[in-house]
Amino acid sequence: MTADLIDGKAIAAAMRAELKTQIDELAGRGVVPGLAVILVGDDPASASYVRAKEKACRELGMASFNYTLPPETTQVELLDVIRRCNADPKVHGILVQLPLPQHIDEHAVMPVIDPDKDVDGFHPVNIGRMVAGQPCFLPCTPHGIIQLLLRSGVTLEGAEVVVVGRSNIVGKPVANMLIQKSRTGNATVTVCHTRTRDLAAHVRRADIIIAAAGRAHTITADMVKDGAIVIDVGVNRIDDPSRPRGYRLVGDVDFEPVRQKARLITPVPGGVGPMTITMLLYNTVTSARQKAG
Ligand code: GUN
């Protein structure tokens, strides 16, 4: 079997077209959804994500407010910027790009964001609501993964899902969303991590594999059941002198051999990546609609 590709760019484009209709409707009422993007420091990967988020906002006719702060910004200064965004009626969503520099405590920063503007879904109140199955902003990458699966016609109910990775941004929330008693859940979920004794034995049982370990070649073909569905969340740079930049991006999955066994697979790039930004736009538009009543 050679897997069909799950085309994240196409699914993201379809969702953005749906959002555009809502943005136009809001514009008719004088409301422009606005996203504040706060970046501390000059990490090149983070800067490139932030640029992509701002470009996506502009393309849909949303407002983006860029706060790029120097690496030596103190926690107090960062909290001050967040409080100003909380108070600004033009800002419907606030995103603080992670990771933050070492001297800033992420766990002290997230709770200061107004939960009603927390379009990343990282505020403890939104995490709690998600776990309890209440309405909330869902974190973007996990929500994007579930949209990719549903819009590719994959049945989640009763599926054996193995999540590889337990990060706060992907592994923990996606596992939680998939066990909820809802249309976007009802799966049986196993979470594997760096202390899992026999990763291959768990992954081999999976109808759906979600690879979010942050390490290239974590999922090899011998671990994959015939006909499995593979979602690759990894974005890893590996040296490639034949490329102009000297590197190329690969996921956590050994793509070509795994593709020969799977039924559906996401490419890297062009799979999960475009969905993350789309779900951020989705949350920001939702926030603006809630505010507009
Ligand atoms: N860093 C990596 N992924 C994310 C994300 O989804 N949101 C934020 N704020 N930072 C990130």
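1. Comments concerning the nonpolar core
Link 1 in the chain: Grouped together as the largest cluster of nonpolar side chains are 53 residues, with contacts concentrated most on I145, I208 and I210.
Link 2 in the chain: By residue number, the principal contributor to this core is helix α10 (residues 273-292), which donates seven residues.
Link 3 in the chain: Excluding residues that lie within four positions of it along the chain, I210 makes contacts with I145, V161, V162, V163, V164, V174, L178, I231 and V233.

2. Re the site of the ligand
Link 1 in the chain: Around the ligand, the neighbouring residues are L95, V96, Q97, L98, D120, F122 and I169.
Link 2 in the chain: Here a nitrogen atom of the ligand and a backbone polar atom of V96 are 2.9 Å apart.
Link 3 in the chain: Here a nitrogen atom of the ligand and a backbone polar atom of L98 are 2.9 Å apart.
Link 4 in the chain: If the ligand stood free it would expose 280 Å²; the protein chains cover 83% of that surface.
Link 5 in the chain: Classifying every residue of the shell around the ligand gives five nonpolar, one polar and one charged.

3. Here we look at unusual backbone geometry
Link 1 in the chain: That bond from L98 to P99 is cis: its omega, 0°, falls within 30 degrees of zero.
Link 2 in the chain: Within the secondary structure, P99 sits in the loop between β4 (93-96) and α4 (106-109).
Link 3 in the chain: Put simply, V268 and P269 share a cis peptide bond, and its omega is -5°.
Link 4 in the chain: The residue P269 is located in the loop between β11 (264-265) and α10 in this model.

4. Quick look at the pattern of salt bridges
Link 1 in the chain: Taken as a whole and judged by the stated rule, the model has 11 salt bridges.
Link 2 in the chain: Notably, a salt bridge pairs D222 with R204, separated by 3.9 Å at the nearest N-O pair. With D222 in the loop between β7 (208-211) and β8 (229-232) and R204 in the loop between α8 (199-203) and β7, this pair connects stretches of sequence that are 18 residues apart.
Link 3 in the chain: Since its relative accessible area comes to 47%, D222 is described here as partly exposed.
Link 4 in the chain: With its nearest N and O atoms 3.7 Å apart, the salt bridge here joins R243 to D240.
Link 5 in the chain: If you follow the salt bridges from partner to partner, you end up with D240, R243 and R248 in one network.

5. Digging into the environment of T196
Link 1 in the chain: Note that T196 resides in the loop between β6 (188-192) and α8.
Link 2 in the chain: Taking the C-alpha atoms as reference points, T196 and E72, 124 residues apart in sequence, are found 38 Å from one another.
Link 3 in the chain: A polar side-chain atom of T196 sits 2.7 Å from the main-chain amide nitrogen of H193.

6. Observations regarding a nonpolar patch on the surface
Link 1 in the chain: Judged by side-chain polarity, Y49, V235 and L249 come together as a nonpolar surface patch covering roughly 260 Å² of accessible area.
Link 2 in the chain: Relative to the elements of secondary structure, V235 occurs in the loop between β8 and β9 (236-239).
Link 3 in the chain: When its relative accessible area of 48% is taken as the criterion, V235 is described as partly exposed.

Cut-offs used in this document
- Numbering of residues starts from 1 in each chain and follows the order in which that chain's sequence is written.
- Restriction of local features to residues with pLDDT of at least 70 applies here, the model being predicted, together with a cutoff of 80 or more for giving and counting side-chain atom pairs; totals for whole chains, interfaces and linings are based on all residues.
- Calculation of side-chain values draws on the structure's entire complement of heavy atoms; hydrogens and water are dropped beforehand.
- What makes a nonpolar core is a set of buried Ala, Val, Leu, Ile, Met, Phe, Trp, Tyr and Cys residues whose side-chain atoms join them at distances within 4.5 Å.
- For every residue, the accessible area (1.4 Å probe, protein chains only) is compared with the maximum for its type, and the residue is labelled buried under 20%, exposed over 50%, or partly exposed between those bounds.
- Note on conventions: DSSP H or I runs of at least 4 residues are helices, E runs of at least 2 residues are strands, and numbering of each starts at the N terminus.
- We call two residues in contact when some of their heavy atoms are within 4.5 Å.
- Nearness is judged by heavy atoms alone; a residue qualifies as near a molecule or strand once a single heavy atom is within 4 Å of it.
- Whenever a nitrogen or oxygen atom comes within 3.5 Å of another N or O atom, the pair is scored as a polar contact, on the condition that within protein one atom can donate a hydrogen and the other can accept it, and that pairs from neighbouring residues in sequence are kept only if both atoms are in side chains.
- All accessibility values rest on the Shrake-Rupley procedure with a 1.4 Å probe; residue burial counts only the protein chains present in the view.
- Here the nonpolar group is Ala, Val, Leu, Ile, Met, Phe, Trp, Tyr, Cys and Pro; Asp, Glu, Lys and Arg are the charged ones; every other residue, Gly included, is treated as polar.
- Basic side-chain nitrogens of Lys or Arg form a salt bridge, by our definition, when they fall within 4 Å of a carboxyl oxygen of Asp or Glu.
- A residue counts toward a patch only above 30% relative accessible area and without a salt bridge, and it is joined to like-charged neighbours within 9 Å or, for Val, Leu, Ile, Met, Phe, Trp and Tyr, to nonpolar neighbours within 5 Å.

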